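Structural features, examined
Listed below are the residues making up each chain.
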Amino acid sequence: MTPPDKKKSGEAPYSLRLTDRERAWLRDRAGNISLGTYIKSVLFSDANPKARQRKSPVKDEKSLADVLACLGASRIASNLRHNGHLR
């Protein structure tokens, strides 16, 4: 029995396996451009690939976790949410 046809919005993504060394080399070459955008720009000779803003990770995840835990343990988050609905 064959599965029912599913509507596809486009072609399936292409998967490419890279070694850690190859991935690091690509990231270095890509700079602030996503890897996918960089690879496509090289493959299709795009002289001006669109740079995407990368979100910088939190430097101190432990401190962020502590602050969020304190916020969750207090009534501040609930009060802020309540005040937001009043406006």
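Here the structure is a predicted model, which is why all the values come from computation and not from measurement.

1. Concerning the pattern of salt bridges
By the definition in use, this model includes one salt bridge. Residues D66 and K62 are paired through a salt bridge, measuring 3.0 Å at the closest nitrogen-oxygen approach. With D66 and K62 both in helix 3 (residues 61-73) and four residues apart, the pair spans about one turn of that helix. When its relative accessible area of 37% is taken as the criterion, D66 is described as partly exposed. Residue classification places K62 among the exposed residues on the basis of a relative accessible area of 56%.

2. Quick notes on the environment of L26
Relative to the helices and strands, L26 is located in helix 1 (residues 20-30). Among the residues examined, L26 registers a relative accessible area of 12% and is labelled buried. Ignoring anything within four residues of it in the chain, the contact list for L26 reads L18, L35, Y38 and I39.

Calculation criteria
Numbering of residues starts from 1 in every chain and runs along the sequence as written. Local features in this predicted model are restricted to residues of pLDDT 70 or higher, and side-chain atom pairs are both shown and tallied only at a pLDDT of 80 or more, whereas totals for entire chains, interfaces and linings draw on every residue. Derived side-chain values reflect all non-hydrogen atoms in the structure, with water molecules and hydrogen atoms excluded from consideration. We count a salt bridge whenever a side-chain nitrogen from Lys or Arg sits within 4 Å of a carboxyl oxygen from Asp or Glu. Secondary structure elements are defined from DSSP: runs of H or I of at least 4 residues count as helices, runs of E of at least 2 residues count as strands, and each element is numbered from the N terminus. When accessible area is computed with a 1.4 Å probe and restricted to protein chains, residues below 20% of their type maximum are described as buried, those above 50% as exposed, and intermediate ones as partly exposed. Throughout, a residue-residue contact means that at least one pair of heavy atoms, one from each residue, lies within 4.5 Å.

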